[in-house]
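If you want the building blocks of each chain, they are given just below.
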Amino acid sequence: RPSAAARCAVDLWLYESAEWAPPGYHVLCISDPDSSSSSTVNLWRGGHPDEKSTWQTKIKSLSGFRKQLEKRAKMEQQEMWEFLPWLLSDASGVPVTTVSALRGLLLVFEGGRWVWPGIREGFVRQLQVPSSDTSQELLNLTLKTLTLDPLAFIIEDFFDKPSAQRMIDLAEPKLKPAEILTEDAPQERKEELVDVRTCWEAWLSPSDGPDLGDVAVRTAALVRVPRELQEPFRVLRYLPGQHFAAHTDYYEPEDFQNQPEVSNELQHGRNWLVTVYLYLSNVAKGGATYFPSTYGRELPSDVLKCEGPSVKPRRGRALLFYSLHPNGTPNLSSMHGACKVEKGVKYTINIWTFNQLKPEATTPKKGKGHRKRKSEELR
Ligand SMILES: O=C(O)CCC(=O)C(=O)O
Ligand SMILES: [Fe+2]
C-alpha cells in the first residue's frame, strides 16, 4: 500500500522546515474505512513535517470528528469561532460539510479562512482560477513564495496589459491627494502617521468596468474567500518622489478607540485577512513594495527606509500577502511600505479582503451617530 504521504501528496502542503510554519494550520490525510469501518488518520500538526501523529477511528459524525481533531491538533478554543468556525477544507478549498467528504488530503485553518501555505521561499505552485464571471475560461496562475513570515506570494500575468491601461484610464480622472485622517488615534500615533503616504488615490468599484469585475472574480478565486468580503478597490498613483511609509493593513485596536463599532468588530476577530496589490505600470526606477520586518525582525526606526524583501512594480504582476496568521491573529511581520518612485509613474490597485462579515449585533441600526469609518485612511 502506498504510504499516507504518497497517497495524499502532502509535499505540496507541508512546510519544508518547522521553523517558520505559521500558527493555526494543520494537514491531514484520511484513508478510506477498512472492513471494520475504521479509518486511519494522519495529522501533521502545524503543517510540520516532523510533527506527525497517526490514529485509527470510526468516523460517525462530522462534529464528533471535529472535536477529536481539536484535541489532537491541540487547537485553542477561540471566542471568534462563534462568528467564524475553524475551517476544515479539501485541497481545492471546498469546506468539508459531510462525513463522506472526510477522506484524502484535508487542511485545517483555525482562523476560519483559507491561507495559502508558503512551504519554503521560492516554492512555486500552479493553480487555475476562473478568468471572469461570464466565461468558462480558466487562467493558469503561478504562486511563488516570497517570504514565509509574512506569507507573501508573487503572481505574474494576473491581468493583461490592455486591461491594465483601461483600469488606469478609469482611475485617472478620480485621483485625489491621499488624505490621512487620524483624529481617533492617540497623539503620538498621529505624529507617526504624518507624511505616511504622499501618493494620490482613487476609489473604484468592480462594477465600474469589466476589467475590474474580472479582477474581482479572479481575486476571490485566488484567495478562496467570497467576493462579499472584498472592499472597493483603491488605486494609488505615485509620481517620482512619492512613497508610502511602512504600515500594516490590518486594524490596530488603538486606532479605533473612539469608534465602538469597529472596536467591537475587532473584538469579534473581524479584521483584514489578505491583501492583493496589482501593479498596473512598469516603473523605471524605485517604487518597490517592501517588507522591513519579515520573520519578526525588529522594525527599522525609520518607516521610510526601504529595506527587506521587496517586489518591483511590473505591469501584470500581483502581490498577495496575509495580514493575519492562519489562526486569525494579526501578524506584525506583515508590515510593508512602498519605496519612493525615482523614475516613472507607479499605478497600483489594492484589493483588501476581510476574514468575516460584520457580526450582526454590531451593525448600527440607525444612521444617527454612525460615523464614517477612518479605516481606509489609516491603511
Ligand atoms: O503601493 C504599494 O506598493 C503598497 C501600497 C500599500 O501598502 C497600501 O495601499 O496599503
Ligand atoms: Fe498596505
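Scroll up for the structure.
None of the values given here were measured: they were computed from a predicted structure. (Residues numbered from 1 in each chain as written. Chains lettered and ligands numbered in written order. Predicted model: local features only at pLDDT ≥ 70, side-chain atom pairs only at ≥ 80, totals over all residues. Heavy atoms only, no water.)

**Student:** Would you mind showing me how to read the coordination of the iron ion (ligand 2) here?
**Tutor:** For a metal bound by four donors in tetrahedral geometry, the ideal donor-metal-donor angle is 109.5 degrees, whereas six donors in octahedral geometry ideally sit at 90 or 180 degrees. Of the protein atoms, only His247 (NE2), Asp249 (OD), Tyr277 (OH) and His336 (NE2) coordinate the iron ion (ligand 2), at distances of 2.1 to 2.2 Å. What the 6 donor atoms of the iron ion (ligand 2) show is an angle range of 71 to 180° at the metal, which sorts the shape as octahedral. Each donor residue of the iron ion (ligand 2) belongs to the same chain, with the gaps between them written as H-x1-D-x27-Y-x58-H. Of this pair, His247 sits in strand 12 (residues 244–247) while His336 is found in strand 18 (residues 336–338), placing the two residues 89 residues apart along the sequence. The pair His247 / His336 is uniform in exposure class, with both members buried. (Donors = N, O, S within 2.8 Å, 3.2 Å for Na, K, Ca; no water. Tetrahedral: all angles 85-135°; square planar, octahedral: opposite > 155°, others 65-115°. Helix = DSSP H or I, 4+ residues; strand = E, 2+ residues; numbered from the N terminus. Buried < 20%, exposed > 50% of the residue type's maximum accessible area, 1.4 Å probe, protein only.)

**Student:** What am I meant to see in the site of ligand 1 here?
**Tutor:** For ligand 1, the set of nearby residues contains 14 residues, the closest of which are Tyr238, Tyr277, Thr289, Lys346 and Asn350. Between ligand 1 and the protein, one listed contact pairs an oxygen atom with a side-chain N or O atom of Tyr238 at 2.5 Å. Measuring from an oxygen atom of ligand 1, one finds a side-chain N or O atom of His336 at 3.0 Å. For ligand 1, the cavity whose grid points lie within 2 Å of the majority of its atoms is the largest cavity. Of all the secondary-structure elements, those providing two or more residues to the shell around ligand 1 are strand 11 (233–238), strand 12, strand 18 and strand 20 (346–354). When residues of the shell around ligand 1 are assigned to their parent elements, the largest contribution, 4 residues, is made by strand 20. Grouping the constituent residues of the shell around ligand 1 by class yields 6 nonpolar, 5 polar and 3 charged. (Near = heavy atom within 4 Å. Polar contact = N/O pair within 3.5 Å; in protein donor to acceptor, adjacent residues only side chain to side chain. 1 Å grid on protein atoms, 1.4 Å probe; cavity = no way out; pocket = protein on both sides within 12 Å on 5 of 7 lines; lining within 4 Å. Sits in = over half its atoms within 2 Å of the grid points. Nonpolar A, V, L, I, M, F, W, Y, C, P; charged D, E, K, R; others polar.)

**Student:** What is the right way to read the packing of aromatic side chains from this model?
**Tutor:** What characterises a pair of aromatic rings is the spacing of the ring centres plus the angle enclosed by the ring planes. Using the criterion set out here, one finds 15 aromatic pairs in the structure. Relative to Tyr295, the ring of Trp20 has its centre 5.0 Å away and its plane inclined at 70°; by these criteria the two rings are edge-to-face. Taken together, the residues Trp20 in the loop between helix 1 (4–8) and strand 1 (25–30) and Tyr295 in the loop between strand 15 (289–290) and strand 16 (310–311) connect sequence positions 275 residues apart. Taking relative accessible area as the criterion, Trp20 reaches 32% and is therefore assigned partly exposed. Take Tyr295: its relative accessible area is 22%, and that puts it in the partly exposed class. Summarising the aromatic geometry, the rings of Tyr251 and Phe256 are spaced 4.6 Å apart at their centres and angled 40° between planes, so their arrangement reads as tilted. Take Tyr251 and Phe256: they sit in the same class, and that class is buried. Over the face of the ring belonging to Trp200 we find Arg237, whose NZ or CZ atom lies 5.0 Å from the ring centre. Note that Arg270 overlies the ring of Phe354, its terminal NZ or CZ placed 3.6 Å from the centroid. (Phe/Tyr/Trp six-rings, centres within 6.5 Å; stacked < 30°, edge-to-face > 60°. Lys NZ or Arg CZ within 6 Å of the ring centre and 35° of its normal.)

**Student:** How should I be thinking about the state of the cysteines in this particular structure?
**Tutor:** Disulfides are covalent bonds that link the sulfur atoms of two cysteine residues. In the structure shown here, the tally under the stated rule is 2 disulfides. Between the sulfur atoms of Cys306 and its disulfide partner Cys339 the distance amounts to 2.0 Å. Negative torsions about the S-S bond denote left-handed disulfides, and the value of about 65° found for Cys306 with Cys339 makes this one right-handed. Here the residue Cys306 occupies a position in the loop between strand 15 and strand 16, and Cys339 occupies one in the loop between strand 18 and strand 19 (341–343), the gap between them amounting to 33 residues. Using a relative accessible area of 8% as the deciding quantity, one classes Cys339 as buried. The connectivity of the disulfide bonds within the protein can be written as 1-2, 3-4, using the sequence rank of each bonded cysteine. A disulfide-free cysteine, Cys199 has its sulfur positioned 13 Å from the sulfur of Cys339, the nearest such atom. In this structure Cys199 comes out as buried when scored by relative accessible area, which is 1%. (Disulfide = S-S within 2.5 Å.)

**Student:** What's the story with the packing of helix 3 (residues 161–171) against helix 5 (residues 210–223) in this structure? I'm lost.
**Tutor:** A pair of packed helices can be characterised by two numbers: the angle between their axes and the separation between those axes. Axis separation between helix 3 and helix 5 bottoms out at 9 Å; the angle between their running directions is 115°. Taken as axis vectors, helix 3 and helix 5 run roughly perpendicular relative to one another. Handedness of the helix 3/helix 5 crossing: left-handed. Across the interface between the two elements, Ser163, Arg166, Met167 and Leu170 from helix 3 touch Asp211, Leu212 and Val215 from helix 5. (Axes fitted to C-alpha atoms, helices over the stretch in contact; angles between N-to-C directions. Parallel < 35°, antiparallel > 145°, perpendicular 65-115°, else oblique. Left-handed = near helix turned anticlockwise from the far one by under 90°. Contact = heavy atoms within 4.5 Å.)

**Student:** Explain the nonpolar core to me, please; I cannot follow it from the model alone.
**Tutor:** Taken as a class, soluble globular proteins show a tendency for nonpolar side chains to be buried jointly. Among the nonpolar cores identified, the biggest contains 63 residues, and Leu222, Leu278, Leu320 and Tyr322 are the most heavily contacted of them. Here Leu278 is in contact with Phe158, Phe159, Val215, Arg317, Ala318, Tyr347, Thr348, Ile349 and Ile351, once residues within four sequence places are set aside. (Core = buried A, V, L, I, M, F, W, Y, C linked by side-chain atoms within 4.5 Å.)

**Student:** Where do I start with the sheet that holds strand 2 (residues 39–44) in this structure?
**Tutor:** Consider a sheet: its strands pair through backbone hydrogen bonds, and that pairing is either parallel or antiparallel. Strand order in the open sheet formed by 5 strands is 3-2-1-5-4, and the pairing between neighbours is antiparallel. This sheet does not close on itself; its edge strands, each paired only once, are strand 3 (52–57) and strand 4 (87–90). This sheet shows a mean twist of 25° between the axes of neighbouring strands, independent of strand direction. In this sheet, strand 2 lies alongside strand 1 in antiparallel orientation, the contact comprising 4 bridges. The partner of Ile30 across the bridge, within strand 2, is Val41. Contacts between helix 2 (residues 62–72) and the sheet are confined to strand 1, strand 2, strand 3, strand 4 and strand 5 (104–109), with strand 3 contributing the most and set at about 150° to the helix. (Pairing = 2+ DSSP bridges.)

**Student:** I'm lost on unusual backbone geometry in this one. Help?
**Tutor:** Peptide bonds are trans in most cases, and residues, glycine excluded, mostly fall at negative phi. Note that the residue after Asp149, namely Pro150, is joined by a cis bond; omega there is 5°. The phi dihedral of Asp157 falls on the positive side, at around 50°, and the residue is not glycine. According to the relative accessible area criterion, Asp157 is exposed, its value standing at 55%. One non-glycine residue with positive phi stands out, namely Arg224, at about 60°.

These figures capture arrangement, not role.
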